[in-house]
Amino acid sequence: MINKVILVGNVGKDPEIKYLDQDTVVARFPLATSESYNNANGERITNTEWHNITIWRGLAKVVEKYVKKGDQLYLEGKIRTRSYDDKDGVKKYFTEVQVNEMKMLGKRGDSESSASHDTSASATPADNSQTFVNDSGDDTDDLPF
């Protein structure tokens, strides 16, 4: 069985960072992906899909330092659906992409200068992108919340 998602899109709002304990950090934010086509009348139509993104541990710390609203990201991960009971006892479902690899592509509308935000803590590769892989090896992310 394979559960793999690859997304390239723009961060919809600044990530929400939550520290659960000293070693467990989670980052959450919406990511927009868009596709465009010409309809029968020749009009350009753009459809945008929003994805709930969750990133854990060391990679979440990278998100906290470098990722802001509008940044363009390449993300790899898996789809997870969680459920909970709302205040009226009705079961609700929440689908998210749990990311294990991220590549920073730049900000929306950037061309050659995609690393305009402060990334002085690490060297920027010649192609103005950075790749981060969650190397924690710990896939136990069944924390309730």
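Caption draft 1: Molecular detail of unusual backbone geometry. Even without a glycine there, the phi angle at R57 is positive, about 55 degrees. Note that R57 resides in helix α1 (residues 57-66).

Caption draft 2: Quick peek at the environment of Y84. Within the element layout of this structure, Y84 appears in strand β5 (residues 71-85). You can call Y84 partly exposed: its relative accessible area is 46%. Along the sequence, Y84 and F94 sit ten residues apart, while their C-alpha atoms lie 8.3 Å from each other. Those residues in contact with Y84, other than ones at most four positions away along the chain, are V90, K91 and K92.

Caption draft 3: Fine view of the pattern of salt bridges. Considering all chains together, one arrives at three salt bridges under this definition. In this structure, K4 engages E76 in a salt bridge whose closest nitrogen and oxygen atoms are separated by 3.1 Å. Of this pair, K4 sits in the segment before β1 (5-11) while E76 sits in strand β5, and the two are 72 residues apart along the sequence. The exposure class of K4 is exposed, given its relative accessible area of 54%. Residue classification places E76 among the buried positions, given a relative accessible area of 12%. Where K92 meets D86, a salt bridge forms, and the shortest distance between an N and an O atom there is 4.0 Å. For K92, a relative accessible area of 36% corresponds to the partly exposed category.

Caption draft 4: Quick look at the confidence of the model for the protein. For the protein, per-residue confidence averages 81 on the pLDDT scale, and residues scoring 70 or more make up 72% of the total. Put simply, strand β7 (residues 130-133) is where the protein has its lowest mean pLDDT, 56, and β1 is where it has its highest, 97. Of the regions scoring below 50 in pLDDT, residues 111-128 engages in 27 contacts with residues more than four places distant in sequence or in other chains. In this model residues 135-145 is a low-confidence stretch, pLDDT under 50, and it forms 17 contacts with partners more than four residues away in sequence or in other chains.

Caption draft 5: Examining the pairing of strand β3 (residues 25-38) more closely. Pairing analysis gives two bridges linking β1 to β3, with the strands arranged antiparallel. Paired with N10 across the two strands is A32, which belongs to β3. Strand direction decides the pairing type here: strand β2 (residues 16-19) and β3, joined by four bridges, are antiparallel. Bridged to K18 within β3 is V26. Hairpin remark: β2 followed by β3, antiparallel, with five residues in the connecting loop. Of the pairings in the sheet, the one linking β3 to strand β4 (residues 44-56) comprises 13 bridges and is antiparallel in character. Considered in β4, the bridge of P30 is made with N52. The hairpin turn running from β3 into β4, its antiparallel successor, is five residues long, and G42 in that turn takes a positive phi close to 85 degrees.

Caption draft 6: Broad picture of the nonpolar core. With 21 residues, the main nonpolar core has F29, I53, I55, L73 and M102 as its most contacted residues. If you list the elements that add at least two residues to this core, you get β1, β3, β4, α1, β5 and β6 (91-107). The leading source of residues in this core is α1, at five residues. If we ignore the near neighbours within four places in the chain, the residues touching I55 are V25, V26, A27, F29, A60, V63, V99 and M102.

Rules of the game
- Residues numbered from 1 in each chain as written.
- Predicted model: local features only at pLDDT ≥ 70, side-chain atom pairs only at ≥ 80, totals over all residues.
- Heavy atoms only, no water.
- Helix = DSSP H or I, 4+ residues; strand = E, 2+ residues; numbered from the N terminus.
- Buried < 20%, exposed > 50% of the residue type's maximum accessible area, 1.4 Å probe, protein only.
- Contact = heavy atoms within 4.5 Å.
- Salt bridge = Lys/Arg side-chain N within 4 Å of Asp/Glu carboxyl O.
- pLDDT = per-residue confidence, 0-100.
- Pairing = 2+ DSSP bridges.
- Core = buried A, V, L, I, M, F, W, Y, C linked by side-chain atoms within 4.5 Å.

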